[in-house]
Amino acid sequence: MRRVVCPGSYDPVTNGHLDIISRASRLYDEVVVAVLINISKKSLFTVDERAEMIAEVTKQYGNVVVEKFHGLTVDFCRERDIPVIVRGLRAVSDFDYELQIAQMNHQLAGVETMFMATNPLYSFLSSSLVKEVAQYGGDVSGLVPEPVQQRLIRRFSQS
Ligand SMILES: O=C(O)c1ccc2[nH]nc(Br)c2c1
């Protein structure tokens with residue numbers, strides 16, 4: 001079974017992420033979306049909320065599973081015998097960092113990284129920017145899945 005992992009913080013999942021996940025789900029037998037638990041980084045949504053949102057918006061693909069992890073991505077891959085990481089590249093500016101991480105992951109554990117060019121519609125998109133816009137009442141429809149938009153509206157109306 002050809003399995004890949006799509007690691008990230010997904011705080012929250014955006015349509016850019018979903019574009020990569022959906023395309024990977026058509027290329028591989030199973031896509032494991034690995035939500036990073038990073039206690040040193042303040043997040044808007046808890047890791048469980050983030051995982052729930054991803055599971056909700058990917059369930060129609062039928063071959064996407066969502067897991068949570070902390071530590072090195074290559075350790076996650078080793079523990080689950082997953083040989084490939086899939087990462088999106090939004091713009092040239094992503095490449096330097098992503099190449100460095102990919103080379104380190106190969107050095108550490110022989111894990112390969114397959115890069116996918118994100119849909120140009122989402123090249124400007126990041127979870128951080130979406131949160132910033134939503135925090136000030138900006139309309140992020142079309143940038144995040146509808147359930148995520150609703151959660152953003154609720155979250156910022158509470159604060
Ligand atoms: O949302 C982010 O922070 C983020 C980062 C890096 C990324 N690469 N490809 C995608 Br889609 C992507 C999204």
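None of these values were measured; they are calculated from a predicted model.

Quick notes on the rules
- Residues numbered from 1 in each chain as written.
- Predicted model: local features only at pLDDT ≥ 70, side-chain atom pairs only at ≥ 80, totals over all residues.
- Heavy atoms only, no water.
- Salt bridge = Lys/Arg side-chain N within 4 Å of Asp/Glu carboxyl O.
- Helix = DSSP H or I, 4+ residues; strand = E, 2+ residues; numbered from the N terminus.
- Buried < 20%, exposed > 50% of the residue type's maximum accessible area, 1.4 Å probe, protein only.
- Patch = residues over 30% accessible without salt bridge, like charges linked within 9 Å, V, L, I, M, F, W, Y side chains within 5 Å.
- Areas by Shrake-Rupley, 256 points an atom, 1.4 Å probe, with all protein chains shown as cover.

Student: Could you give an account of the pattern of salt bridges, with specific residues and numbers?
Tutor: For side chains of opposite charge, pairing can occur when their charged atoms come near one another. Under the criterion given, the structure shown has 13 salt bridges. One salt bridge connects Glu67 with Arg80, and the closest N-O pair in it is separated by 2.6 Å. Of this pair, Glu67 sits in strand β3 (residues 64-69) while Arg80 sits in helix α3 (residues 73-80), and the two are 13 residues apart along the sequence. You can call Glu67 partly exposed: its relative accessible area is 23%. Taking the relative accessible area as the measure of exposure, Arg80 reaches 23% and is therefore partly exposed. With its nearest N and O atoms 3.2 Å apart, the salt bridge here joins Glu79 to Arg80. Overall, the relative accessible area of 63% leaves Glu79 in the exposed class.

Student: Quick one: what's the story with a nonpolar patch on the surface, residue by residue and with numbers?
Tutor: On the surface, Leu72, Met104 and Leu108 cluster together into a nonpolar patch covering about 280 Å² of accessible area. Residue placement: Leu72 occurs in the loop between β3 and α3.

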